Amino acid sequence: MAELQGHRGYIGSRSYFGDRTPQHVQNLVVRDFCQRNGLLFLISATEYIMDGCYVMLEEVMTELPKIDGIVLYSIFMLPTDAGHRQDIYRRVLSAEVDISGAVENLRIQSEADIQTVEDIWAIKNITESDISEIKNLARIIDTE
Amino acid sequence: MAHPTSFADLENNTFGAAFLKDGYVITSVEDPASLDAIRNLIVRTAAEFLYLDTPNDPDIFLNNVHKHVHVEKLNGLRLACIQAIRTADWFRPSYASLAYVALTALTGNELAMQRGIGLSVQLPNDKSSLLAIHADTWDGDSPYEVVQWVPIVNCFKTKSMYIVPRDVDRALQKDLSKGRFHTAEDIFLAVKDDVIFLDVPYGSVLLFSQTIAHGNRINVEPTTRWSMNCRFKSILSPYIDKKLGEFFEPISIRPATRLGLDYKLPGRFDG
């Protein structure tokens, strides 16, 4: 039985894939997701601004035995390293709780859900790198 | 009359030296009537939320609110109080008046103020309202901000917030990105013997630089903590993730700045 019986929100203070959302808007989206899904919202943890830092996510992970799950503002706040992401999924499912992305309205409650999220991650990765390549190309053409 | 011999003589240095040394100052509120009005608003709102009569003694009521509210309803209570203070048009000017002279001495005389004031309610032994160790700069705040932290009950020991002493904080932040720390609790454990729990009684205000690591722990005192927090900065100092407009609002713009903002330089000469 979870001690706090609720879902911990998780928001960020840096941009992810170039997208920045004000923290109070992230919180609104997380709260709304909880409300629509009948989940008790526990005040969000805010990830630190430093690139590559997941200290607050790991802090929330230590709460898994006491809470019902985690609601990320976005699945793209998960670690960029695929192995680290798999480790997060494994620990969440082992604790028999769930992890969600509020803005995408996606819940990971099973192995099958992981695949859906990873497919989206893979596509995001290639489309974002394509955009970077196009921007680089445009810069080169501009300077010629 | 003696002439000033340095520019520092022209400044109000009452708070500056202590702030630079420790990263914080604790001083008496400048407008006690406003503080009482703010406390009364919160007491009325909380009593209404809990279906109680407005209490005769606000201090006893706030300190003992844990006898009337379970942790599951705590966020509802907090949000009701936040809603009340955000809709009272007098609230923000009154909040600023609690330490306005000190704020201008520390940050400048043209101020931007956080739009939404934070309210913490921490019941005894409640694990759900903890604020892990952090500097607000790690959460996207500009290093040019000062937090005005106002208790509405006496706050001390674990009922208060802690701050990391400046010398320890410097070493901590230098080490932060070196992979030593896996979780925020790891960071706290590295400095737990050094942190200072600040004694801030009702009627006083804490002003601190949020570049310095701070947080709270489980309140193991027998009474409930109530405190408010709000960030102020010089309008023209740099912003990071907490932007002007969405997070900050200008509250004082001096005439020369206003003229400068309105000024249009004559256009390019075409001959």
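Because the structure is predicted, anything quoted here is derived from the model rather than measured. (Residues numbered from 1 in each chain as written. Chains lettered and ligands numbered in written order. Predicted model: local features only at pLDDT ≥ 70, side-chain atom pairs only at ≥ 80, totals over all residues. Heavy atoms only, no water.)

## Brief notes about the nonpolar core
Rules: Residues grouped as a nonpolar core are buried Ala, Val, Leu, Ile, Met, Phe, Trp, Tyr and Cys residues, joined through side-chain atoms within 4.5 Å. Note on exposure labels: buried denotes an accessible area under 20% of the residue type's maximum, exposed denotes more than 50%, and partly exposed covers the range between, all computed with a 1.4 Å probe on protein chains only. Helix and strand definitions here come from DSSP, where helices need a minimum of 4 consecutive H or I residues and strands a minimum of 2 consecutive E residues; each element is numbered from the N-terminal end.
Judged by nonpolar contacts, the single largest core of 58 residues is most densely connected at Ile42, Phe91, Tyr95, Leu207, Trp226 and Met228 of chain B. When residues in this core are grouped by element, the largest group, seven residues, is from helix α2 (residues 32-49) of chain B. Grouped together as the second largest cluster of nonpolar side chains are 55 residues, Tyr10 and Leu39 of chain A together with Trp138 and Val164 of chain B included.

## Thoughts on the interface of chain A and chain B
For clarity, the cut-off: We call two residues in contact whenever any of their non-hydrogen atoms come within 4.5 Å of each other. Defined here as a combined quantity, buried area equals the accessible surface (1.4 Å probe) lost by two parts on assembly, summed across both. Any carboxyl oxygen of Asp or Glu within 4 Å of a side-chain nitrogen of Lys or Arg constitutes a salt bridge here. In protein, a polar contact requires one atom able to donate a hydrogen and another able to accept it; more generally it is a pair of N or O atoms within 3.5 Å, and residues adjacent in sequence count only if both atoms are side-chain atoms. Only Asp, Glu, Lys and Arg are considered charged in this grouping, and only Ala, Val, Leu, Ile, Met, Phe, Trp, Tyr, Cys and Pro are considered nonpolar; every other residue, Gly among them, is considered polar.
At the interface, 22 residues of chain A touch 25 residues of chain B. Around 1900 Å² of area is buried between chain A and chain B when both sides are counted, 53% of it from carbon and sulfur atoms. Of all residues in chain A, Arg20, Tyr48 and Glu59 of chain A bury the most surface against chain B, accounting for 26% of the area lost on that side. Put simply, chain A and chain B have two salt bridges between them. The partner of Asp241 of chain B in a salt bridge is Arg20 of chain A, and the shortest N-O contact between them spans 2.5 Å. Our enumeration of links across chain A and chain B arrives at 11 residue pairs in polar contact (both at pLDDT 80 or more). The set of elements that each furnish at least two residues to the side of chain A that touches chain B consists of α1 (23-36), β2 (41-47) and α2 (55-61) of chain A. Taken together, the residues that form the side of chain A that touches chain B break down as nine nonpolar, six polar and seven charged.

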